Structures are given as C-alpha cells and as structure tokens.
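# Close look at the chain arrangement
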Amino acid sequence: MASAPPPPQEAVHSGRRLLSPTLFFSSSSPLRLRPSPPPPPSAHRRRSRYSRLVAASSSSSSSSAPPPPREMPWPHVLTVAGSDSGGGAGIQADIKACAALGAYCSSVVTAVTAQNTAGVQGIHVVPEEFIREQLNSVLSDMSVDVVKTGMLPSIGVVKVLCESLKKFPVKALVVDPVMVSTSGDALSESSTLSVYRDELFAMADIVTPNVKEASRLLGNVSLHTVSDMRSAAESIYKFGPKYVLVKGGDMPESSDAVDVFFDGKEFIELHGRRIKTRNTHGTGCTLASCIASELAKGAKMLHAVQVAKNFVESALHHSKDLIIGNGPQGPFDHLFKLKSPPYNVGSHQNFKPDQLFLYAVTDSGMNKKWGRSIKEAVQAAIEGGATIVQLREKDSETREFLEAAKACVEICKSSGVPLLINDRVDIALACNADGVHVGQSDMSAREVRELLGPGKIIGVSCKTPAQAQQAWNDGADYIGCGGVFPTTTKANNPTLGFEGLKTVSLASKLPVVAIGGINASNAGSVIELGLPNLMGVAYALVESQDERVDYAELHVAAEGEFAEAQRL
Ligand SMILES: Nc1ncnc2c1ncn2[C@@H]1O[C@H](COP(=O)(O)OP(=O)(O)OP(=O)(O)O)[C@@H](O)[C@H]1O
Ligand SMILES: Cc1ncc(CO)c(N)n1
Ligand SMILES: [Mg+2]
C-alpha cells in the first residue's frame, strides 16, 4: 500500500518552534530576506517539561545573581555564522579550523544553507530572537576568549550580535564580512553593509574582507592590484577596526596568494604560495577562525594572521588533488595533520620570544673533547639556567643521535625548556622535538614548516636584513644572528660584529637571538646594546669542562645587563 510521505518535521527546542520558514530561494533568485514573524506569545512562553525543571531548580537555588561564566580549560572561540550543508565553509569550517589549531569552538547558528560544491541552493534564516538566545546561552555560561563572525544575514542579526557583545565583552572580535559565496550567491542582505560599517567594525579587532567584499564595503570600487588592496585596507580601517586584512585569494591568476595587512600605520604584504587546486571553498572562514584561535591562545595579531595563512596554505596543499562533488569548488581537509605525525598543530602554545634569553647550543666536537655525552651537556646547561636548547650534532651517526635526542627531549620536557634540533628535520620528527633551527644552506623554513606543521618552533640563521625578511615570509618563529664575535665552533663563519647585529635586529620582524663567540665575559656587552627584537644570547657549550659554571656565570652576566637594558 502506497503511503503518503510524512509531513516535514519542525525543529523543536524547549517546546517551541525553532525555525520559521523565513527564506527559501534558489541560487538564481535575488536574495530576499524577510525578518521572521515573532512567535505567538503563547508559543514563546511555552516550555517543555525539561525546561520547567531547569527553571524550577535555578529559581529555587537562590535569589542572587546568576554565577559568572566559568573559566574554560582551553582557548575558546565562539563562531557566529551560517551552516554549510556541504561542510566546507561556514560553521563547519570554523569548528574544524579551531579544532585543528587546538581551540574549543562553540557555535551560534545564524542561518542554515543548502549548499554543495556547485553553489548555494537555499537559505533558511534563524529568527533574530533565537540567535540572541543562543548568544546568551553560550556567553553567560562559558568564558569566551574570541568571537568570530561569518554569515550575518540581516541588519537585525548584526544588531543582536552587537548588543550581546556589549553585554558580554570578550578579549577579541574577528569579523569576516561574508557577503557573497564564491559561487556568486548572496549570503547577506545588501542593507547589512551599513551596520557592518557603522556598528560592528568599530567593535572589531580585525576585519578580513576578500577583494569582492572590500570593494562592496567601499561602494563597489574596482580592486585589481596589490596597491588597490592597500588603499582598500586603509579606507576600511577608517570604519574603526584595529586591524584590516584584505585577502587576495580571489585575485586574478598570480603565482603568489597575497594578503594585505594594515595596522593603521604600516602595510604588510603577506605572500604565500598559490596552490593550484579547485578545493578552495571555505578558505576565508578557515582563515578567520585560525586567526581567532591564535588570538584566543594569546598571540599578537600579526602572528595570528601569519599562522592562519600558513595553515590555509598547508591545508590546500594537502588537499589539492581531492575530487569531491561535481561542482567547480570543493572543500579541503582541515584535519590533514591527523593523518601524519606530529599530531600537535597550531602556533607553539608555549613558545614565548623571551625563551630565547639564554640559548644553549651543544657542540659535538667539544662534547667529544671533554668526554661528555650530549645528555650531560644538556642537563648541565639547564641547571645553569638555559631557557632553550639546540642540539647541533654534526658528526654523530643518525641512530646514535636519535637516541641521544630522545633522552634530551625527556630532560627538556621535565624542565619546561624547549628543545630544538639543528638542521635535521627527520630527527626532530622522530623524537618529537619542539622545533628545528636551520641555516641558509639548509632546507628553507617554509619547507621545514611544511614537514613539521604549524605547531613547532622554527629558527633561521640570518646575517642580512634580506635573510631576516625571508625567514619571516617563510613562517619562521625567530632568527639567530651572528657571529657577533669570532667563533671557534663554526668554520668559515664571517663575524658581523655589533654593527651587523644591529642592522639585522632593527630590520627583523622576528625575535632575534645573538650568536657567535658569546661567553660570560662578553654576553653583557651584547645585551647592553638594548637592540629592539634582541631577546637573548646563544652560547655554544665549548669553553670549559664544567659548563654548569660557565652557564651560571653567563646567566648572571646576561640577566644583570638585560635588567639594566630594560630600565634604560
Ligand atoms: N589557491 C590558494 N593558494 C594559497 N592560498 C590561498 C588560495 N586561495 C586563497 N588563499 C588564501 O586563503 C585565505 C582566504 O582568502 P580568500 O580570498 O580565498 O577568502 P574568501 O574569498 O573570503 O574565502 P571563501 O572561499 O571562504 O569565501 C587568504 O589568506 C588567501 O591568500
Ligand atoms: C554558510 C557559509 N558561510 C560562509 C561562506 C563563505 O565561504 C559560505 N559559502 N557559506
Ligand atoms: Mg576565496
């Protein structure tokens, strides 16, 4: 017997109708958003048995104010965005991006889209009052570090969000002004442009339009070059955000994917490799969520943007050949790192530039000379006050080196001191070291990043401002600059002197550690220079048999001068 199909089910929560069929249109029809009619008063007040129980218990518990939001054990990003049924963009991209970078992601859904690799087939907008309720539920209960916005379909939704943010302030607000999907479908009413500009941008820490969105925000100006992107960033900055990033993913064919960052004074062009792939659906949502995750971990804005851009590039690279769906633009794999070790990604949560303060470098030759093991040398350096250690072993056999490196990882981990490996990415991966230091003739920092993932520390030896700039472009975390003094541990290493160190430190966008011939008697004079970005001195374990004494002396000398330099 043929039976009629069941009627479509309505989503119900707390005994209340959830989504009124406010909007449903095909991708070819223009965006027509109507505010949803408010639910009838009786429906609005009606509560399920469960919610009555909750209400009863909370009202009986006390007459005092509700408890403040509870601290979270993780960095916490709240995304306020639309659902993408295809899973590549919107809320789904945000949750995966935050998870990949180690942040917790709660989500307030503003709209549900029927969407796939071909485009957007329909949109169902969540009523404003229910968006307010979701915001209230999360923000009143859990402490949120950063709010990230995506699809905000109407003026009313933007206003509700602004009101909630005033009621529950957060550390940072990342606004991705999503307006049109790459398939050309409108995701926000054109009238929202004015509230974006007049209300939300002024509250934002960073606004991340793509070139089309930047153009619309500025009255459809044409943007064709990086220079146009700079002008657009400057104009958007005037609406009040602290930073602007104009994204160039959709700029006409070029070998680089260039984004322009503006902090109100300086323009910084972020150049990444352009990955040849159709799988770029959701790059913008992902970028903004990665920025939010890094900010939630406590990163500075420019660093957060760099980590985010590197993550998108790596994810696109790993997904470039996937074939998903029949449409022109596919999703990419945010969780590519789960499929290859190491399993921790994101910027190094524990790396702080001041960990470069007293940087110990082991020297295989000297270890041999003094008959000590690498492990003993590392132990002694840490006891003497080293704040970071690099294993520089030029002569050991690989297996022997790996065994020693594993032992050093344990020692360093128990002391909270990061351990880096010189040059040998394979050893670093195998022993799960905290990072790698490379020289100018080794693999580039970009290639090392590709292999290690965004979670590891990468340092590069640099002797010139151009090399320092390249290290920054390549996504390194710090540079080593020297030799400051003549050194016996590195052959053919020209001495830069104080002048060379100064030139590079001044030009560097990354923290700098000075290296080369540094010991207890001259470390103070290096730190005394008080150079910007100079965070510490690196010292090879060379001069005496008792490096503990050396280190302790060096520590005292360096610390004294550092304190002095900071006072000046
Ligand atoms: N093919 C690519 N290769 C490398 N990076 C890319 C590529 N496409 C985009 N990006 C980078 O991805 C980030 C997002 O930029 P994009 O301009 O694509 O945002 P969007 O258009 O808002 O994204 P969405 O597709 O989610 O709407 C930027 O950092 C951009 O440089
Ligand atoms: C829901 C949603 N948000 C954002 C975008 C932009 O990529 C999209 N396509 N869909
Ligand atoms: Mg794009």
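Remember, it's a predicted structure, so these values are computed and weren't measured experimentally. (Residues numbered from 1 in each chain as written. Chains lettered and ligands numbered in written order. Predicted model: local features only at pLDDT ≥ 70, side-chain atom pairs only at ≥ 80, totals over all residues. Heavy atoms only, no water.)

With that settled, the discussion passes to the sheet that holds strand β3 (residues 76-84). The strands making up a sheet associate through hydrogen bonds between their backbones, and the pairing can be parallel or antiparallel. With respect to topology, 9 strands assemble into an open sheet ordered β5-β4-β3-β6-β7-β8-β9-β10-β11, the strand pairing being mixed. Single-partner strands in this sheet number two, and they are β5 (119-125) and β11 (267-273). In this structure, strand β7 (residues 172-175) lies alongside strand β8 (residues 206-207), joined through 2 bridges in parallel fashion. Bridge pairing links V175 to V207 in β8. Across the face of the sheet, helix α3 (residues 90-100) comes into contact with β3, β4 (104-116) and β6 (146-149) while running at roughly 150° to β3. (Pairing = 2+ DSSP bridges. Helix = DSSP H or I, 4+ residues; strand = E, 2+ residues; numbered from the N terminus. Contact = heavy atoms within 4.5 Å. Axes fitted to C-alpha atoms, helices over the stretch in contact; angles between N-to-C directions.)

Judged by side-chain polarity, L429, M443 and L451 come together as a nonpolar surface patch covering roughly 230 Å² of accessible area. For L429, the location among the structural elements is in helix α14 (residues 425-431). (Patch = residues over 30% accessible without salt bridge, like charges linked within 9 Å, V, L, I, M, F, W, Y side chains within 5 Å. Areas by Shrake-Rupley, 256 points an atom, 1.4 Å probe, with all protein chains shown as cover. Salt bridge = Lys/Arg side-chain N within 4 Å of Asp/Glu carboxyl O.)

For the pair α3 and helix α9 (residues 283-297), the least separation of the axes is 8 Å and the interaxial angle reads 40°. The angle between the axes of α3 and α9 places the two elements in the oblique class. Here α3 runs over α9; the crossing is right-handed. Between α3 and α9, the contacting residues are G90, A93, D94, A97 and C98 on the first element and C285, T286, S289, C290 and S293 on the second. In terms of residue class, the contact of α3 with α9 is made up of 5 nonpolar, 4 polar and 1 charged. (Parallel < 35°, antiparallel > 145°, perpendicular 65-115°, else oblique. Left-handed = near helix turned anticlockwise from the far one by under 90°. Nonpolar A, V, L, I, M, F, W, Y, C, P; charged D, E, K, R; others polar.)

Right, let's talk about the sheet that holds strand β13 (residues 388-391) for a bit. If you trace the 8 strands once around the closed barrel, you get β12-β13-β14-β15-β16-β17-β18-β19, paired in parallel fashion. Ignoring strand direction, the axes of neighbouring strands in this sheet form an average angle of 25°. Taken together, the 3 bridges between strand β14 (residues 419-422) and strand β15 (residues 435-438) define a ladder with parallel strand orientation. Each bridged residue has a counterpart across the sheet, and for I421 the counterpart in β15 is V436. With respect to the sheet, helix α13 (residues 398-415) is in contact with β13 and β14, its orientation differing from that of β14 by roughly 155°.

All right, on to the site of ligand 2 then. Taken together, G82, S83, A89, G90, Q115, M151, V178, S181, L187, H281 and C285 form the complete shell of residues around ligand 2. In the model, a nitrogen atom of ligand 2 is placed 2.7 Å from a nitrogen or oxygen of the Q115 side chain. Taken together, the residues of the shell around ligand 2 sort by class into 5 nonpolar, 6 polar and no charged. (Near = heavy atom within 4 Å. Polar contact = N/O pair within 3.5 Å; in protein donor to acceptor, adjacent residues only side chain to side chain.)

Right, let's get into the site of ligand 1. Close to ligand 1 lie 19 residues; K247, D259, I275, T283 and G284 are nearest. A distance of 2.9 Å separates an oxygen atom of ligand 1 from a polar atom in the side chain of D250. In this structure, an oxygen atom belonging to ligand 1 sits 2.9 Å away from a main-chain N or O atom of G284. About the coverage of ligand 1: the protein hides 94% of its 620 Å² of free accessible area. Of all elements in the fold, only β10 (256-262), α9 and α10 (301-319) reach the threshold of two or more residues within the shell around ligand 1. Residue contributions to the shell around ligand 1 peak at 4 residues, all from α9. Tallied by class, the residues present in the shell around ligand 1 amount to 6 nonpolar, 7 polar and 6 charged.

Of all residues in the protein chain, 81% have pLDDT values of 70 or greater, and the mean over the chain is 83. Low pLDDT, under 50, characterises residues 1-62; the predicted model gives this stretch 64 contacts beyond four residues in sequence or across chains. (pLDDT = per-residue confidence, 0-100.)

Glancing now at the pairing of strand β12 (residues 358-361). Burial along β12 is two-sided: the face carrying L358 and A360 and the face carrying Y359 and V361 are both buried. Summarising the sheet, β12 and strand β19 (residues 534-540) pair through 4 bridges and their orientation is parallel. What sits directly across from A360, in β19, is Y539. (Buried < 20%, exposed > 50% of the residue type's maximum accessible area, 1.4 Å probe, protein only.)

Counting buried residues in strand β16 (residues 457-462) gives 5 out of 6 residues, a clear majority hidden from the surface. Direction of pairing for β15 relative to β16: parallel, over a ladder of 4 bridges. Paired with G435 across the bridge in β16 is I457. Bridge count for β16 against strand β17 (residues 478-482) is 4 bridges, and the pairing is parallel. Following the sheet pairing, G459 is matched in β17 by Y478. Once the chain exits β16 it traverses helix α16 (residues 465-473) before rejoining the sheet at β17, and the crossover so formed is right-handed. (Right-handed = clockwise from strand over helix to strand, strands pointing away.)

Considering the arrangement of structural elements, one finds A381 in helix α12 (residues 374-383). Considered as a pair, A381 and A540 are 159 residues apart in the sequence and their alpha carbons are 9.9 Å apart.

The next thing to look at is the side chain of E213. Following the sequence through the fold, E213 ends up in helix α7 (residues 211-217). Comment: no salt bridge for buried E213; closest opposite-charge side chain is K247, at 4.6 Å. Those residues in contact with E213 that lie beyond four places of it in its chain are D176, P177, V178, M179, V180 and T208. (Lys, Arg positive; Asp, Glu negative; His and termini not counted.)

Moving on, we get to the packing of aromatic side chains. By the definition in use, this model includes 9 aromatic pairs. On the basis of an interplanar angle of 50° and a centroid distance of 5.8 Å, the ring pair of Y196 and F201 is categorised as tilted. Here F201 falls in the buried class, since its relative accessible area comes to 0%. Ring geometry for F311 and F336: centres 5.7 Å apart, planes at 40°, overall tilted. With F311 in helix α10 and F336 in the loop between α10 and β12, this pair connects stretches of sequence that are 25 residues apart. No difference in accessibility class separates F311 from F336, as the two residues are buried. (Phe/Tyr/Trp six-rings, centres within 6.5 Å; stacked < 30°, edge-to-face > 60°.)

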